[in-house]
Amino acid sequence: MSGARGLGWLARREVLRIYKTWTQTVLAPVVSSILFILVFGLSLGSRIREVAGFPYEVYIVPGLIAMAMVQAAYNNNSSSIFQARYDRFVHDVLSAPMRPWQMNLGFNVGGMVRALAIGLALLALAMPITGIGVAHPFALLLAVALGLVLFSAIGIVIGIFAETFDHSTFFVNIVVLPLAFLGGVFYSVGQLPSPWHELSLVNPVFYLVDSIRYGFLGASDVSPWLSLSVVAALAVPAYAWSQWLFTSGRRLKA
Amino acid sequence: MPAPTPPALEVRGLSKRYDDGTVALESFDLSVPDGSFLGLLGPNGAGKTTLISAVCNLIRITAGEVLVFGEPSHSMAARRWVGLAEQDVNLDRFLTVEETLLYHGGYFGMAKAEARKRAAEMIDAFDLRAKGRVRTPKLSGGMRRRLLLARALMHRPRLVILDEPTAGVDFELRVELWRYIRRLHEEGTTIVLTTHYLEEAEALCDEIALIHGGRLHARDTAEGLRERYEAHTLADVYVKALGSPAPEAPAPAAA
Ligand SMILES: Nc1ncnc2c1ncn2[C@@H]1O[C@H](COP(=O)(O)OP(=O)(O)OP(=O)(O)O)[C@@H](O)[C@H]1O
Ligand SMILES: [Mg+2]
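Here, residues in each chain are numbered from 1, in the same order as that chain's written sequence. Lettering of chains starts at A and numbering of ligands starts at 1, both following the order in which they are written. Local features in a predicted model are, by the rule used here, given only for residues with pLDDT of at least 70; side-chain atom pairs are given and counted only at 80 or more, and totals for whole chains, interfaces and linings are based on all residues. Computation of side-chain values: all heavy atoms of the structure, hydrogens and water removed.

Structural notes on the overall build of chain A
The way it works is that DSSP assigns letters per residue, a run of H or I at least four long becomes a helix, a run of E at least two long becomes a strand, and they are numbered from the N terminus. In terms of helices and strands, chain A carries 10 helices and 0 strands. Starting at the N terminus and walking to the C terminus, you meet the elements of chain A as α-α-α-α-α-α-α-α-α-α. Here the radius of gyration uses the C-alpha set of atoms, whereas the globule reference equals 2.2 Å times the residue count to the power 0.38. In terms of C-alpha radius of gyration, chain A reaches 19 Å, essentially the compact-globule figure of 18 Å for 254 residues. Over its C-alpha atoms, taken along the principal directions, chain A stretches across nearly 60 × 35 × 35 Å. A simple rule labels every residue: compare its accessible area, found with a 1.4 Å probe on the protein chains alone, to the largest value its type can have, and call it buried under 20%, exposed over 50%, or partly exposed in between. The buried share of chain A, taken over its 254 residues, is 54%. Looking at chain A alone, contacts between residues at least 24 apart form 80% of all its contacts between residues at least 6 apart. To measure how exposed things are, a 1.4 Å probe is used in the Shrake-Rupley method; for residues, cover is taken only from the protein chains shown. For chain A, the exposed surface amounts to about 10,700 Å²; the carbon and sulfur share of it is 71%. Here, two residues are considered to be in contact whenever any of their heavy atoms come within 4.5 Å of each other.

Right, here's the structure in full:
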């Protein structure tokens with residue numbers, strides 16, 4: 001019981017923050033991903049051969065949904081915790097009777113909720129537009145959960161280390177977006193010639209996209225067990241890192 | 001014989017060295033009895049806010065121990081017993097006045113119905129009714145101060161720490177806040193207050209602690225301090241004890 005209420009209210013606060021600015025936090029990413037599906041999928045789809053046995057507009061949907069979700073999880077948490085530090089409102093939480101794991105979880109929840117809202121909205125739109133379905137719901141849930149833990153936690157970590165707001169956008173522009181474009185959102189890495197194929201295999205975002213694509217389509221470039229394991233192997237230390245920041249007070253407390 | 005009640009605040013050998021090497025507190029000892037009203041006075045940079053931040057788990061302490069009603073300051077119980085209004089306004093910009101109080105109550109473990117009731121009480125007590133549904137960035141400076149104080153008191157803390165609660169507040173509101181703080185003290189709440197207004201410290205506090213350079217220089221009633229330093233006013237005590245001119249008194253009843 002101790003601190004459980006506090007955790008509940010902190011999680012609620014993070015969700016309220018998303019809700020109050022939902023046009024930016026949910027609507028905008030849904031619109032931009034749908035545009036990608038329409039522009040790339042439906043316009044190029046007629047000219048591109050099937051990829052891995054799927055029409056192009058179907059093939060790109062899982063990767064686009066995955067990227068929209070993990071970016072939202074990251075952006076949400078890095079900006080929420082950065083703002084909380086900047087306004088020093090975070091002191092109200094740090095001084096409250098909550099345990100460090102509850103503070104960490106509470107701040108992490110926002111990104112996950114926002115990502116799920118975006119993912120569900122995109123799925124609801126993409127199904128009638130492209131006819132995509134879900135082949136392996138359980139694998140999909142697991143892949144989404146691991147991906148969200150990973151990017152939510154990275155968002156918290158970067159938001160805690162950032163000294164200016166630009167630092168947190170820097171990470172997404174310099175690290176996440178390039179890895180996403182090279183991670184097989186728009187193509188199957190199996191089609192790539194050497195050495196691009198091999199290089200793709202050291203890109204962590206590739207495994208995330210591939211595991212989520214497996215959940216949707218039942219097809220993947222590598223074994224879903226491998227991709228899920230890679231994402232899990234990254235998610236666990238990322239979450240442990242954000243937890244450590246709350247436990248030790250590093251950066252959060254002078 | 002009943003066990004004596006532990007002091008509201010007990011600080012032992014507290015040191016704080018910030019990451020840049022600044023030593024803000026050195027082997028600081030302080031005991032604040034339950035039910036008392038202590039004023040912390042000292043020049044800018046003396047270490048007052050650092051002391052308060054250590055009590056409220058807002059900094060990593062370098063050495064020493066802080067107990068709140070006998071419990072370590074980082075314990076769940078101690079955290080629940082302390083209410084803090086910080087020197088700088090630190091409100092959540094996404095919340096309205098009402099939500100600010102409600103969510104704070106929630107973080108501090110209050111049940112929802114109780115928090116709602118208490119928030120309404122606080123909104124009335126601090127005359128924020130007209131702004132209940134307004135987001136905090138749209139409040140005036142004085143309203144933010146009042147909300148900050150209301151938030152500190154929201155979860156009914158036994159030890160209330162006010163770091164310059166009347167800085168930048170007009171005369172009328174200051175008098176009003178004094179009245180409220182006095183009443184709180186009369187109801188048995190222990191209060192620790194920092195201020196640069198000596199008359200404020202003299203008017204409100206049972207005891208005054210003079211801090212300078214991260215050390216406690218003297219601690220007594222205003223009367224006792226005047227006697228000890230053979231001074232006529234607290235301002236003279238301040239000069240003699242701390243070797244620096246006293247801060248300017250606030251403009252007298254000009255407003
Ligand atoms: N985050 C920080 N990093 C480094 N030094 C700090 C930090 N916060 C405070 N200090 C230093 O610690 C010393 C004590 O500061 P503190 O804020 O506790 O003083 P104060 O008594 O509250 O002063 P004031 O009356 O101006 O509020 C000062 O030298 C200050 O510069
Ligand atoms: Mg201060």
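And the narrative resumes.
Quick notes on the confidence of the model for chain B
All names here are of chain B. Residue-level confidence of the predictor is what pLDDT reports, using numbers from 0 through 100. Considering every residue of chain B, the mean pLDDT works out to 92; 95% of them sit at 70 or more. Here residues 249-255 scores under 50 on pLDDT; set against residues more than four positions off or in separate chains, the count is 6 contacts. Of the two predicted TM-score estimates for the complex, the pTM is 0.93 and the ipTM is 0.91.

Points about the sheet that holds strand S1 (residues 9-17) of chain B
Any two strands between which DSSP finds at least two bridges are classified as paired. Across the sheet, 4 strands lie side by side as S2-S1-S4-S5 (chain B); this open sheet has antiparallel pairing. For this open sheet the edge positions go to strand S2 (23-32) and strand S5 (71-72) of chain B, each flanked by a neighbour on one side alone.

Some points on the packing of helix H1 (residues 4-20) of chain A against helix H3 (residues 97-107) of chain B
When two helices pack together, their arrangement is given by the angle between the helix axes and by the axis-to-axis distance. In this analysis an axis means a line fitted to C-alpha atoms, helices contributing only their contacting stretch, and an angle means the value between N-to-C directions, from 0 to 180 degrees. It is the contact of H1(A) with H3(B), at a shortest axis distance of 7 Å, that shows an interaxial angle of 145°. Contacts between H1(A) and H3(B) involve Arg5(A), Gly6(A), Trp9(A), Leu10(A), Arg12(A), Arg13(A), Leu16(A) and Lys20(A) from the first element and Glu99(B), Leu102(B), Tyr103(B), Gly106(B) and Tyr107(B) from the second.

Remarks on the packing of H1(A) against helix H5 (residues 100-130) of chain A
All names here are of chain A. Where H1 meets H5, the closest approach of the two axes is 8 Å, and the angle between their N-to-C directions is 30°. Here H1 lies roughly parallel to H5, going by the angle between them. Relative to H5, H1 is oriented so that their crossing is right-handed. Listed contacts from H5 to Ala4, Leu7, Leu10, Ala11, Glu14, Val15 and Ile18 of H1 are Trp101, Gln102, Met103, Leu105, Gly106, Phe107, Val109, Gly110, Val113 and Arg114. For classification purposes, angles smaller than 35 degrees are called roughly parallel, those larger than 145 roughly antiparallel, those between 65 and 115 roughly perpendicular, and all remaining angles oblique. Helix crossings are classified by the rotation of the near helix relative to the far one: an anticlockwise turn of less than a right angle makes the crossing left-handed, while a clockwise turn makes it right-handed.

Remarks on the interface of chain B and chain A
Between chain B and chain A, the residue contacts involve 33 residues of the former and 31 residues of the latter. Two parts lose some accessible area (1.4 Å probe) when they are put together, and adding that loss for both gives the buried area. Taken together, the two surfaces of chain B and chain A that pack against each other cover about 3,200 Å², and 53% of this comes from carbon and sulfur. Think of a salt bridge as a Lys or Arg side-chain nitrogen and an Asp or Glu carboxyl oxygen that are within 4 Å of each other. Along the contact surface separating chain B from chain A lie 4 salt bridges. Two residues, Arg151(B) and Asp92(A), come together in a salt bridge whose shortest N-O distance is 3.9 Å. Polar contacts here mean pairs of N or O atoms no more than 3.5 Å apart (in protein, one a potential hydrogen donor and the other a potential acceptor; neighbouring residues in sequence count only if both atoms are side-chain atoms). Along the contact surface separating chain B from chain A lie 16 residue pairs in polar contact (both at pLDDT 80 or more). Looking at the side of chain B that touches chain A, the elements with two or more residues in it are helix H2 (76-81) and H3 of chain B. In terms of residue count, H3(B) provides more of the side of chain B that touches chain A than any other element does, 6 residues in total. For this classification, the nonpolar set comprises Ala, Val, Leu, Ile, Met, Phe, Trp, Tyr, Cys and Pro, the charged set comprises Asp, Glu, Lys and Arg, and every other residue, Gly included, is treated as polar. Of the residues assigned to the side of chain B that touches chain A, the class counts are 15 nonpolar, 6 polar and 12 charged.

As for the site of ligand 1
Here, proximity means that at least one heavy atom of the residue falls within 4 Å of the molecule or strand. By nearness alone, 16 residues border ligand 1, and Asn44(B), Gly45(B), Lys48(B), Thr49(B) and Thr50(B) come closest of all. At the site occupied by ligand 1, nearby residues are drawn from chains A and B. Between ligand 1 and Gly47(B) there is a distance of 2.9 Å, counted from an oxygen atom to a backbone nitrogen or oxygen. Side-chain polar atom of Gln87(B) to an oxygen atom of ligand 1: 2.9 Å apart, as the coordinates give it. Summarising the interface, the protein chains cover 68% of the accessible area of ligand 1, which totals 640 Å² for the free molecule. Ranked by residue count, the leading element in the shell around ligand 1 is helix H1 (residues 48-55) of chain B, at 3 residues. Its residues placed into classes, the shell around ligand 1 shows 5 nonpolar, 8 polar and 3 charged.

A look at the sheet that holds strand S10 (residues 215-220) of chain B
Residue and element names in this part refer to chain B. Strand order in this open sheet of 6 strands is S6-S7-S8-S3-S9-S10, and the pairing throughout is mixed. The open sheet has two edge strands, strand S6 (82-85) and S10, and neither has a second partner. The sheet shows a mean angle of 15° between the axes of neighbouring strands, direction not considered. Of the strand pairs in this sheet, strand S7 (residues 159-163) and strand S8 (residues 190-194) are connected by 5 bridges, and their pairing is parallel. If you follow Val160 over to S8, its bridge partner there is Ile191. Of the strands in this sheet, strand S3 (37-41), S6, S7, S8 and strand S9 (207-212) are in contact with H1, which crosses S7 at around 145°. Packed onto the sheet, helix H6 (residues 171-186) meets S3, S7 and S8 and runs at close to 145° relative to S8.

Some points on the packing of aromatic side chains
When two rings of Phe, Tyr or Trp (its six-membered ring) have centres within 6.5 Å they constitute a pair, described as stacked for plane angles under 30 degrees, edge-to-face for angles over 60, and tilted for the intermediate range. Summed over all chains, the structure comprises 13 aromatic pairs over all chains. Between Phe107(A) and Phe246(A) the ring centres are 5.9 Å apart and the planes differ by 25°, which places this aromatic pair in the stacked class. Taken together, the residues Phe107(A) in helix H5 and Phe246(A) in helix H10 (residues 224-248) connect sequence positions 139 residues apart. Its relative accessible area of 4% is what places Phe246(A) among the buried residues. With 5.7 Å between their ring centres and 80° between their planes, Phe69(B) and Trp81(B) make a pair best called edge-to-face. You can see Phe69(B) sitting in the loop between strand S4 (63-68) and S5 and its partner Trp81(B) sitting in helix H2, a full 12 residues away along the chain. With a relative accessible area of 6%, Phe69(B) lands in the buried category. An aromatic cluster of at least three residues, connected via ring pairs, comprises Phe36(A), Phe40(A), Phe181(A) and Phe186(A). The criterion for a charge sitting over a ring is simple: Lys NZ or Arg CZ within 6 Å of the ring centre, and within 35 degrees of the ring normal. Just above the ring of Trp9(A) sits the side chain of Arg12(A); from NZ or CZ to the centre is 4.5 Å.

Considerations on the state of the cysteines
Disulfides are covalent bonds that link the sulfur atoms of two cysteine residues. All names here are of chain B. Our working definition of a disulfide is a cysteine sulfur pair at a distance within 2.5 Å. This structure, assessed with the given rule, holds 0 disulfides over all chains. Considering cysteine sulfurs only, Cys205 is the nearest to Cys56, which forms no disulfide, with 17 Å between them. According to the relative accessible area criterion, Cys56 is buried, its value standing at 3%. By relative accessible area, Cys205 is classed as buried at 11%.

Some words on the coordination of the magnesium ion (ligand 2)
All names here are of chain B. Around the magnesium ion (ligand 2), the protein contributes the donor atoms Thr49 (OG1) and Gln87 (OE1), which lie 1.9 to 2.1 Å from the metal centre. In this pair, Thr49 sits in helix H1 while Gln87 sits in the loop between S6 and H3, placing the two residues 38 residues apart along the sequence. With a relative accessible area of 32%, Thr49 lands in the partly exposed category. On the accessibility criterion, Gln87 (25% relative accessible area) is partly exposed. Here a donor is an N, O or S atom found within 2.8 Å of the metal, or within 3.2 Å if the metal is Na, K or Ca; sites may look incomplete because water is not among the atoms.

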